[in-house]
Amino acid sequence: MGESGGFGTWVRSPAVAGMFYPRDAAGLRDMVARLVAEAPDPPEGDPPKALIAPHAGYRFSGPTAGAAYRAVAPRRGEVRRVVVAGPAHRVALGAVGVS
């Protein structure tokens, strides 16, 4: 199902690869790079320190997510922590899942 990513981590196997994003890693990497490169230039000023980006199928939300990540691209190499919060699509939870 998943695989260990090291001490205290677990990586879930992709559940919908090939449905909402490319199945193979190279295709996914190319698609994400293209979406970020094709995004409009971010506003002038300092890049954001936080963002909220969509995670729906890339054909639906990819351009919006690409714009969000392009806006924080100048912070590449500076970021020390990323928090991902999102809904559970397949099971009911009484709390929020955070990784």
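The coordinates are above.
Residues numbered from 1 in each chain as written. Predicted model: local features only at pLDDT ≥ 70, side-chain atom pairs only at ≥ 80, totals over all residues. Heavy atoms only, no water.

**Digging into the overall build of the protein**
No. 1: From N to C terminus, the protein includes 2 helices and 4 strands.
No. 2: Put simply, the protein runs from its N terminus to its C terminus through helices and strands in the order β-β-α-α-β-β.
No. 3: A buried classification covers 13% of the 99 residues belonging to the protein.
No. 4: For the protein, contacts bridging at least 24 residues in sequence account for 47% of all contacts bridging at least 6.
No. 5: If you sum the accessible surface of the protein, you get close to 8,300 Å²; carbon and sulfur atoms cover 58% of it. (Helix = DSSP H or I, 4+ residues; strand = E, 2+ residues; numbered from the N terminus. Buried < 20%, exposed > 50% of the residue type's maximum accessible area, 1.4 Å probe, protein only. Contact = heavy atoms within 4.5 Å. Areas by Shrake-Rupley, 256 points an atom, 1.4 Å probe, with all protein chains shown as cover.)

**A short note on the pattern of salt bridges**
No. 1: Taken as a whole and assessed by the stated rule, the structure comprises 3 salt bridges.
No. 2: The salt bridge involving Arg34 is made with Glu38; its shortest N-O contact spans 3.3 Å.
No. 3: According to the relative accessible area criterion, Arg34 is partly exposed, its value standing at 39%.
No. 4: Notably, a salt bridge pairs Asp41 with Arg70, separated by 2.7 Å at the nearest N-O pair. Highlighted residues: Asp41 in the loop between α1 (25-37) and α2 (58-72) and Arg70 in helix α2, separated in sequence by 29 residues. (Salt bridge = Lys/Arg side-chain N within 4 Å of Asp/Glu carboxyl O.)

**Concerning a nonpolar patch on the surface**
No. 1: Together, Met19, Phe20 and Phe60 line one region of the surface with nonpolar side chains, adding up to about 350 Å² of accessible area.
No. 2: Tracing the backbone through its elements, the reader meets Phe60 in helix α2.
No. 3: The exposed category is assigned to Phe60, whose relative accessible area is 56%. (Patch = residues over 30% accessible without salt bridge, like charges linked within 9 Å, V, L, I, M, F, W, Y side chains within 5 Å.)

**Topic: the side chain of Ser61**
No. 1: On the secondary structure map, Ser61 appears in helix α2.
No. 2: A relative accessible area of 6% means that Ser61 is categorised as buried.
No. 3: A distance of 2.9 Å separates a polar side-chain atom of Ser61 from the backbone oxygen of Ala56.
No. 4: Beyond its immediate sequence surroundings of up to four residues, Ser61 is in contact with Pro54, His55 and Ala56. (Polar contact = N/O pair within 3.5 Å; in protein donor to acceptor, adjacent residues only side chain to side chain.)

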